[in-house]
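Chain by chain, the residues run as shown.
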Amino acid sequence: METSKSASKFKSFLVHLVLVLLSFMCLFFFYILIVNATHSHADLQKGFSALPGKYFLTNLKNVANDGTFPMVKGIVNSLIVSSCSAALSTYFSALTAYGLYTYQFKLRNAAFTFIMAILVMPTQVTAMGFLRLITKMGMYDTLLPLIIPSIASPAIFYFMYSYLQSSLPLSLVEAARIDGSGEFRTFNRIVLPIMKPAIAVQAIFCFVGSWNNYFVPALVLQSKNKMTVPVLIALLRGADFMSFDQGKIYMMITVAIVPIVIVYLLLSKFIIAGVTLGGVKE
């Protein structure tokens, strides 16, 4: 009996030790980033320091007051693009998954296969054709090419489809149809509440992915007042050596991760909350 208790205590200690180490590994880099943002360029050139410096407000003012570097505008642009992309991709992907899951038609399997084929196609392959298309449509150097394509998101569609297979009984949809509910009303009032956990998860992933996206914004944006945060950080990093300031770069990266943390804190309760929220068993 005592042996089993000792073994259980040892396992508990080992599990907690692993969790502490993993937490330390995850948070250590954020700590170093924030610490570096509190040091001046000269201090950072001297080497690594684990203690905070005294230049946090100075670096923040240098970034905010840099006339050639529209930090606030870049954050606003990234917020607009990321928020709209997350909203559009989650809603229309869920709607597409609902249509393929609940409707039986001849080309259903072909449509599913086609969407999955698009999933494995890298963005770089279609970049030049995409650039020519938006140029002819008059959308070059605007935020629209970063938002509109998010309506079609094969990865999010597949996640939503798999979630519907495990959480939505078809009898529930049929009962709503018998009661006279329209398809959009059924989807918005019945299906979406059931899919809240899945939508929250994918909204976070889509927001973070769109916020960190560099390739497409760098391809279609030219004006500084329309650039997103990753493109502005790359411009700041590629500045002239005489005006290069590592403190400003670390400060900009620190500011850039704040919206991501806020979005996660706002949506995490939907993830942690019961996954069966609104679910109905057969």
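One numbering rule holds for all chains: residues counted from 1, following each sequence as written. Given that the model is predicted, a residue must reach a pLDDT of at least 70 before its local features are reported, and side-chain atom pairs must reach 80 or more before they are shown or counted; all residues, however, enter totals for whole chains, interfaces and linings. Hydrogens and water molecules were not included; the side-chain quantities draw on all heavy atoms of the structure.

This brings us to the overall build of the protein chain. Secondary structure is summarised from DSSP: a helix means a run of H or I of at least four residues, a strand means a run of E of at least two, and numbering begins at the N terminus for each. The helix and strand inventory of the protein chain stands at 14 helices and 0 strands. Secondary structure elements of the protein chain occur, N-terminal to C-terminal, as α-α-α-α-α-α-α-α-α-α-α-α-α-α. Its C-alpha atoms give the protein chain a radius of gyration of 24 Å, clearly above 19 Å, the size a compact globule of 282 residues would have. Taking all 282 residues of the protein chain together, 36% fall into the buried category. Long-range contacts, defined as pairs at least 24 residues apart, comprise 75% of the intrachain contacts of the protein chain with a sequence gap of at least 6. Neither His nor the chain termini are counted; the positive set is Lys and Arg, and the negative set is Asp and Glu. To locate a charge, the coordinates of NZ of Lys, CZ of Arg, CG of Asp or CD of Glu are taken. Of the side-chain charges in the protein chain, 21 are positive and 10 negative, and the distance between the mean point of each set is 1 Å. For the radius of gyration, the atoms used are the C-alpha atoms, and the globule rule reads 2.2 Å times the number of residues raised to 0.38. Three exposure classes are used, based on accessible area relative to the maximum for each residue type with a 1.4 Å probe and protein chains only: buried under 20%, partly exposed in between, and exposed over 50%. Residues are treated as being in contact if the distance between any of their heavy atoms lies within 4.5 Å.

This paragraph deals with the layout of surface pockets. Quantified by volume, the largest pocket comes out at close to 1100 Å³. A cavity here means a set of 1 Å grid points, computed over protein atoms only, where a 1.4 Å probe fits but cannot escape. A pocket is an open set with protein on both sides within 12 Å along at least 5 of 7 lines, and lining residues have an atom within 4 Å of a point. Surrounding the largest pocket, 37 residues form its lining, Thr123, Pro149, Ser150, Ala152 and Pro154 being those nearest its centre. Looking at the lining of the largest pocket, the element that brings in the most residues is helix α4 (residues 71-102), giving 6 residues. Across the lining of the largest pocket, the residue classes break down as 25 nonpolar, 12 polar and no charged. Grid points are joined across faces, edges and corners, and a volume is the space filled by probe spheres set on the points. Its boundaries defined by the atoms lining it, the second largest pocket holds a volume of some 180 Å³. Note that Gly is not counted as nonpolar here; it falls among the polar residues with everything else outside the nonpolar set of Ala, Val, Leu, Ile, Met, Phe, Trp, Tyr, Cys and Pro and the charged set of Asp, Glu, Lys and Arg.

When a carboxyl oxygen of Asp or Glu lies within 4 Å of a side-chain nitrogen of Lys or Arg, that pair is called a salt bridge. What the rule picks out here adds up to 2 salt bridges. Between aspartate 43 and lysine 46 there is a salt bridge, with the nearest N and O atoms lying 3.9 Å from each other. One end of the pair, aspartate 43, and the other, lysine 46, are both in helix α2 (residues 41-46), 3 residues apart, so they sit about a helical turn from each other. Residue lysine 46 is classed as exposed on the basis of its relative accessible area of 69%.

Let us now look at the nonpolar core. Residues belong to one nonpolar core when they are buried, are Ala, Val, Leu, Ile, Met, Phe, Trp, Tyr or Cys, and are joined through side-chain atoms within 4.5 Å. Ranked by size, the top nonpolar core spans 53 residues in total, and within it Leu164, Leu168 and Met252 carry the most contacts. With 9 residues, α4 is the largest single contributor of residues to this core.

Now for helix α10 (residues 183-194). Between the first and last residue of a helix there are one fewer steps than residues, each counted as 1.5 Å, and that sum is the expected span. With 12 residues, α10 should reach 16 Å at 1.5 Å per residue; the first-to-last C-alpha distance of 15 Å fits that figure. What α10 keeps buried is the set Thr186, Phe187, Val191, Leu192 and Ile194. For α10, the arc enclosing every buried residue in end-on projection is 150°, short of the 170-degree limit, so these residues lie on one face. Looking at α10, the residues exposed on the side facing more than 90 degrees away from the buried face are Arg185 and Arg189. In this structure, the buried side of α10 is in contact with α4, α8 (154-167), α9 (170-178) and α11 (196-212). Comment: arc refers to directions from the helix axis out to C-beta atoms.

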